[in-house]
Every structure is written in structure tokens, then in C-alpha cells.
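Here's the letter readout for the chains.
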Amino acid sequence: MRKRNLFDMLGNAEEEPMDILTDKCPEMYDAQMERLFAASERKYRMKKREIERNRTERDNNITISGEAVSGAERIRRPAWLAPVCSAASLILVAGLLIGSTTLFRRHSGGGGDVVTPAVTVTTVRTTGTTTALTGVSGSAVTTTVTTAVTVSADEGGTSDNKTSAGTVTTAANAAAGGSSSGAEAASPSGASAGSGAVNSGLSVDAALGERAEDFFVRSQELSNLLTFRVMETDDSDYISFDVDPSVEFYTRDLSLDSPTYCNTHTAYFARVTDSRFGSTADIISYYNSLYYSDGGKDSYYGCTLVPDESGLGPVLTNGQQYSVAYIDHNGKLYQNTFYPNGRHPVMHLYEDSPVIIKDRTDTSFTAIIPYYVYDISSGFGGCELMSFAIDPACGDWRIVKEEFDDSSYYEECRQKLGV
Amino acid sequence: MTGSELKNMLDRSPTDCHRALIREYGRYVYAIVFNKLRSCGTQEDIEECVSDVFADVFIKFEYEEAYVGDIKGYIGTVAKRTAIDRFRSLSAANSHVVYEDEDNMQQLVSDFSVDERVDSSELRRVLLNKIAELGEPDSTIIIQKFYYNRTSSEIARNVSMNPSSVRSRCTRAVQKLRGKLAEVGISK
């Protein structure tokens, strides 16, 4: 850097000192003057050319006499402006149309211009299965499906059965005189409240719903185990490791008589007493019992269960922290006491709100599971859209995707179903 | 130069008018630009900026039908604004340099201190007063030597002296100035 001297303070001077400095300014020699003149002229001519080129051209027809002005001023616009603007407008309009159509179809299950048949029943092949449902009115509905067909009925109730390779037997037993209202209880005669729901792929299946709820509860538990380390431990049985001194490690100091959380440079691991988990392999096995074995395991609340590289068990990385959650030591499982900022709020399931099944196929479905957090009267909650698929590795359902939505979405689906 | 003189000259010959403007206001513009850029620009940067100022001024006089009354004031304003723009671009370019030591960084930070700005203004006034007290040609020699960074030969041409005389006067003037500044508590 240039050495500073006392005269540097004269820089950026105000008006008065500037007059003195100008007065003392060295004379300009002819050579320097000519150099400046040549440079200034060159720049002046360039700017003038630019101005002339961009300047508004006046039409020869314009005449100015006194205060009256007639004629028109012609302004030259870039030639590319019009096509570019047209293309941009078209793209904008197309985007609006596509976007609004997509949004409309998402919640309505069809476009407004499409004439929807009064009843359209679409079922999938589940040969020999019998599903029992209970509708709102208490009517028991039994549906037996023997083969895959599509049954359609027009508004007038004239059924148009297209049975290609089998028959459909649908029985609705109104136990208390109530009408059937289950999604899969739509009769070919077309007298069904759930016709729209069937069309949009919504249904209620008690067995699948219970499975989905079980997955939901266990996935929450696993989340807290892995992300927030909430297993029961025996704090008197612990092991410790030195941590890089440059890392601030907020952990539970188990060496104290009364263990407390503090910033230390030692990592403490307490022995897990939960009988279900005796090793890190058990945790991974628990994970595999819930999630699809696609090898990715990347849908875990932003965390990834990565392969063990250090021999210390499952490692969590979520961009904010990198720490070993559990390790095996002398045949026992130990849990890190590193404090990772709280835990998930517990999501409670409603007792009287059935799980709604959506987009069901032979090998996949999505469960819409309503839940509330804290207290049922708190008003906090939503619905989880948990997608399942049959995992070829075990031949059973496994979670492939977890998404969230507002309670209003569940209510909307429920209204369509009429349950 | 007045507005009407300028208009007449422009009508006769724009080139001569431009040359006359540089001859009359060249030093003035140079002093203003130098004052803004001396801490961050080279001699080439300063001359480049001066030519930018005059190009802008020429354009203004070419296309503005109402000539400004105070030509010097107008040129001074254009010079200041152009120099400040150039200062910003040069400073931005220089800011990519990685400074090696903490002292330099603190020096940079202190340049933006409001308190220091106020102190600098007062110090500037005191310094110029003390230089003026040296009398001519010593005050001119000191400013041209230490502020404008001119060589003794260049200063000698400006003050009509020989270079060795300039050097000896400069040495004595510096000693006198140091004493005067020490009297008012400025020892650095």
C-alpha cells in the first residue's frame, strides 16, 4: 500500500481549500494540453455520434409557426422490440392458462367443460377381497369385487356395464335403513353420494388406514430417535471422546454429579436402555421396516442416513450439524447427548377422522392422515400425505414419500367422499 | 469567459472553442480531479478523467441552447461529479486487493470514520494556513512538491528558478513548516 503522508489530508477538500490548491496547481505544458485536447475531442466526437444515432428524428412534415405545431414526430423503435414483446406476451398468457388449469384440476378432479357422468365407478383388481366399511349413518356396506371392470351409468340411471372378463357383485346392506355412502359402495344404478370421490380416486379403507396410521406413529418416533436422540439412557454408563477444540459442542456433561447441558470439548455418549435397540444395526433395521429400500433414504426430514464410514454407526447430516447419533461399544448401544435444538412436536391422531386413501393401485397408495399438535383445541395441525408402495425386498408396504398439507385439504377430500 | 463569448466562439469554430476552454479551465479541472483521485489513481487515470470532464462539457454546450451563466461553476460541478464517479470505480477495483496486515485494514476502516472526517477538515485548514505563512515561492514549492508530487525540475519551470535552488528552498521550507506545525500540536 502507498505510504501515507501529511499532505494526504488535503485530498477530498472542500470549496475553500480547493481554491488554494487550484491556485497552486502547476501550469499545464503545451504537450500535456494537446494530449488532453486530443483525448477530449475524441470522446466528444464519440458521444456526439452516439447522440446523433439515438436522437429522435423530426419528420420533415413538422412545421412550427408561432405557437401552432402540426405534423407528427416519428420515433424510431428497435426492430426486435415488437416480436420479443409478442413472444413474451404469448408465453405469459400460456403460463396463466396452464397454471390455472392445473390448479383447477388439482382440487376439482376435472375441468369445468368436461361432462362428467352421473356415476363412474373405477375399481382395481383385488380378486376375492371383501371390504367392510361403516358410513356416517351407520350403514354397513360390503363390497365384493371379483375382477377389474369399469362401470358407468348415465344421468338417467341407465347402466352401461362393460364387463369384459368377469362380473361385479356389489352389495349394500343398509342395516339401519340408512343409505350407503361409502366411496366404494357406489351402485351401478348411480344413486351414490360418493360418485365424485370415486372419480377423483379417493376412498376409505379401514385396514389400509390403520396400517398408515401405524406407519405415521412409528415414523414420528424414528424421527425423534435419529434427529433428536430421545431414547431412554442410563447416564451413569457413558463413554466420552475429545472433540476438535475449535468446535463448540453443546452437550450433556455426564461426568458431573448432576449432569447438565453445557459447552464442552468432549462428546458424551450414554448407554441406551430401550430394549428394542441393542445396536446401531437395530436402528437401521427399524428404519428399513418403515421406509422403501431404494437405497436413498433421503426423505428423512432433511436428514440422510448415510453409510457408516467411521465405524460409529448412523451419522446424520442435515446441513446444520454433523454429528454421530449412536455408536456401538462393547456390544452395547450408546446415544450421543449432543443437543440438537429441540424435537418434533408430537402429532396426535384424531379418533373420529378416518384416514382417506388416494390414488390407490395394486402396488401403491397415498394416505391422507389428519393430525393435530399440542392440544385438540389448539387449532394447530394439518394432514400428512404419506405415500406407500409395495417394497419388492419384503413384499409389504413401505413409505416412499412424506408430504404435508393444511387441514383444509383433508376436509375438502372428506366432503367429496361424504364421510 | 462568459456565456455569450462561448456562444460566439462555438458558432465560429467549435474546435477552437474547445481548445480555448481547455486552456482556460484545464488547470482548474485538473486540480479538482487530482484532489479526488490522488489517493487511488495514477497520472493516466487523472488525465483520462479530465478528458471525460471536457468531453461532457463540450456535449453540454453543443446541445444545450441556453448557455449557463456561470461557466466556471458548471465546469467545476461536472469535474467534481465525474471525479467522484471515477473514484468509486477505481476504489471498487482496488478493493479486490487482499490486504496483508491488520494495520492496513484498520487504516481503511478509519477512512470512513465521521469523527476523523471532521478532524481532517480542521487539520486541512490549519495545514494550508501554515503553508501560506511560508510565503511565496515556498508555499507553491511545498504544495507542488508534496501534494502534486512534482519533481524539482518541473517546479523550477513553474516558479522560474533553477532546480537546485528549488531543492534547497524546499528543504528549508519543510523545516520551517515542521516548526510551525509543532507549535500548533501537529507533529506528524
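Residues numbered from 1 in each chain as written. Chains lettered and ligands numbered in written order. Predicted model: local features only at pLDDT ≥ 70, side-chain atom pairs only at ≥ 80, totals over all residues. Heavy atoms only, no water.

1. Here's the deal with the overall build of chain A
- Helix and strand content of chain A: seven helices and 23 strands.
- Counting all 419 residues of chain A, 35% fall into the buried class.
- A sequence separation of at least 24 residues applies to 58% of the contacts in chain A between residues at least 6 apart.
- In the structure as shown, chain A presents an accessible area of about 24,200 Å², 52% of it carried by carbon and sulfur atoms. (Helix = DSSP H or I, 4+ residues; strand = E, 2+ residues; numbered from the N terminus. Buried < 20%, exposed > 50% of the residue type's maximum accessible area, 1.4 Å probe, protein only. Contact = heavy atoms within 4.5 Å. Areas by Shrake-Rupley, 256 points an atom, 1.4 Å probe, with all protein chains shown as cover.)

2. A short note on the environment of Arg88 of chain B
- Structurally, Arg88 of chain B is set in helix H4 (residues 71-94).
- In sequence terms Arg88 of chain B and Leu37 of chain B are 51 residues apart; their C-alpha atoms lie 9.6 Å from each other.

3. Considering the sheet that holds strand S10 (residues 233-242) of chain A
Residues and elements named next belong to chain A.
- One open sheet holds the four strands; their spatial order is S10-S13-S18-S17, and the pairing between them is antiparallel. Only two strands of the sheet have a single neighbouring strand rather than two, namely S10 and strand S17 (326-329). Each adjacent strand pair in this sheet contributes to an overall mean axis angle of 35°, direction not counted.
- Here seven bridges tie S10 to strand S13 (residues 266-272), and the two strands are oriented antiparallel to one another. (Pairing = 2+ DSSP bridges. Axes fitted to C-alpha atoms, helices over the stretch in contact; angles between N-to-C directions.)

4. So, the pattern of salt bridges
- This structure, assessed with the given rule, holds 22 salt bridges over all chains.
- One salt bridge connects Glu221 of chain A with Arg276 of chain A, and the closest N-O pair in it is separated by 2.6 Å. One end of the pair, Glu221 of chain A, is in helix H5 (residues 206-228); the other, Arg276 of chain A, is in the loop between S13 and helix H6 (280-288), and 55 residues separate them in sequence.
- Taking the shortest distance from any N to any O, the salt bridge between Lys180 of chain B and Glu133 of chain B comes out at 3.3 Å. Of this pair, Lys180 of chain B sits in helix H9 (residues 163-183) while Glu133 of chain B is found in helix H6 (residues 114-133), placing the two residues 47 residues apart along the sequence.
- Several salt bridges converge on common partners, so that one network encompasses Lys43 of chain A together with Glu48, Asp52 and Arg86 of chain B. (Salt bridge = Lys/Arg side-chain N within 4 Å of Asp/Glu carboxyl O.)

5. Focus on the interface of chain B and chain A
- Chain B puts 58 residues into the contact, and the matching count from chain A is 43 residues.
- Counting each side, the surface lost to burial between chain B and chain A is near 4,900 Å², with a carbon and sulfur contribution of 58%.
- The interface formed by chain B and chain A includes 17 residue pairs in polar contact (both at pLDDT 80 or more).
- Of all elements in the fold, only helix H2 (14-37), helix H3 (43-63), helix H5 (102-110), H6, helix H7 (138-147), helix H8 (152-159) and H9 of chain B reach the threshold of two or more residues within the side of chain B that touches chain A.
- Here the side of chain B that touches chain A is built from residues that sort into 25 nonpolar, 14 polar and 19 charged. (Buried area = accessible area lost by both parts, 1.4 Å probe. Polar contact = N/O pair within 3.5 Å; in protein donor to acceptor, adjacent residues only side chain to side chain. Nonpolar A, V, L, I, M, F, W, Y, C, P; charged D, E, K, R; others polar.)

6. Quick word on the environment of Gly395 of chain A
Residue and element names in this part refer to chain A.
- Position of Gly395 among the secondary structure elements: in the loop between strand S22 (381-391) and strand S23 (396-405).
- Using a relative accessible area of 51% as the deciding quantity, one classes Gly395 as exposed.
- Note: C-alpha distance between Gly395 and Thr363 (32 residues apart in sequence) is 9.8 Å.

7. Considerations on the confidence of the model for chain B
- Summary statistics for chain B give a mean pLDDT of 79 and a share of 82% for residues scoring 70 or more.
- Predicted confidence is poor over residues 98-112 of chain B, with pLDDT under 50, and the contacts of this stretch with residues over four places away or in other chains come to 13 contacts. (pLDDT = per-residue confidence, 0-100.)

8. Section: H2 of chain B
- Compared with an ideal rise of 1.5 Å per residue, which puts 24 residues at 34 Å, H2 of chain B spans 30 Å between its outermost C-alpha atoms and falls more than 12% short.
- At Tyr25 of chain B, H2 of chain B shows its maximal kink, close to 60°. (Expected span 1.5 Å × (residues − 1). Bend = angle between axes of the 7 residues up to and from the residue.)

9. Concerning the pairing of strand S18 (residues 332-336) of chain A
Residues and elements named next belong to chain A.
- Burial runs high along S18: four of the five residues are buried.
- Inspection of the sheet shows S13 paired to S18 by three bridges, in the antiparallel sense. Each residue of the ladder has a partner; that of Arg271, found in S18, is Tyr334.
- Pairing of S17 with S18 involves four bridges; the strand directions are antiparallel. The residue of S18 that forms the bridge with Asp328 is Leu333.

10. Looking at the packing of H2 of chain B against H3 of chain B
Residue and element names in this part refer to chain B.
- Interaxial distance between H2 and H3 falls to 9 Å at its minimum, and their mutual angle equals 130°. Judged by the angle between their axes, H2 and H3 are oblique. Here the hand of the crossing between H2 and H3 comes out right-handed. Residues His18, Leu21, Ile22, Tyr25, Gly26, Val29, Tyr30, Val33, Phe34 and Leu37 of H2 form the contact with H3, whose own contacting residues are Gln43, Asp45, Ile46, Cys49, Val50, Val53, Phe54, Val57, Phe58 and Phe61.
- Of the residues that constitute the contact of H2 with H3, the class distribution is 16 nonpolar, three polar and one charged. (Parallel < 35°, antiparallel > 145°, perpendicular 65-115°, else oblique. Left-handed = near helix turned anticlockwise from the far one by under 90°.)

11. Some details on the side chain of Asp391 of chain A
- Mapped onto the secondary structure, Asp391 of chain A falls in strand S22.
- Each residue touching Asp391 of chain A, except ones within four places of it in the same chain, is listed here: Tyr291, Tyr292, Ser293, Asp396 and Arg398 of chain A.

12. With respect to helix H1 (residues 3-12) of chain B
All names here are of chain B.
- Among all positions of H1, only Gly3, Leu6, Met9 and Leu10 are buried. Burial along H1 is one-sided: seen end-on, the buried residues are contained in an arc of 125°. In H1, those exposed residues whose orientation departs by more than 90 degrees from the buried face are Asp11 and Arg12. (Arc of directions from axis to C-beta.)

13. What to know about the packing of H1 of chain B against H2 of chain B
Residues and elements named next belong to chain B.
- Packing of H1 against H2 brings their axes to within 5 Å, and their N-to-C directions diverge by 140°. The pairing of H1 with H2 is recorded here as oblique in orientation. In this structure, H1 contributes Leu6, Met9, Leu10 and Arg12 to the contact, and H2 contributes Pro14, Asp16, Cys17, His18, Ala20 and Leu21.
- Among the residues making up the contact of H1 with H2, the classes are represented as seven nonpolar, one polar and two charged.

14. Focus on the nonpolar core
- Leu21 of chain A together with Leu21, Val29, Val33, Val50, Tyr147 and Tyr148 of chain B are the most contacted members of the largest nonpolar core, which has 57 residues in total.
- Per element, the largest residue contribution to this core is twelve residues, and it comes from H2 of chain B.
- Counting only domains with at least three residues in this core, you end up with domain 1 (3-94) and domain 2 (111-183) of chain B.
- When sequence neighbours within four positions are dropped, the list of residues in contact with Tyr148 of chain B reads Leu21, Thr22, Lys24, Cys25 and Pro26 of chain A together with Tyr30, Ala31, Phe34 and Ile143 of chain B.
- One finds Phe277, Met347, Ala367 and Tyr371 of chain A within the second-largest nonpolar core, a separate group that totals 30 residues. (Core = buried A, V, L, I, M, F, W, Y, C linked by side-chain atoms within 4.5 Å. Domains from an automatic or database assignment.)

15. Topic: a nonpolar patch on the surface
- Among the surface-exposed residues, Val93, Leu97 and Ile98 of chain A lie close enough to one another that they form a single nonpolar patch of about 300 Å² accessible area.
- Within the fold, Leu97 of chain A resides in helix H3 (residues 81-108). (Patch = residues over 30% accessible without salt bridge, like charges linked within 9 Å, V, L, I, M, F, W, Y side chains within 5 Å.)

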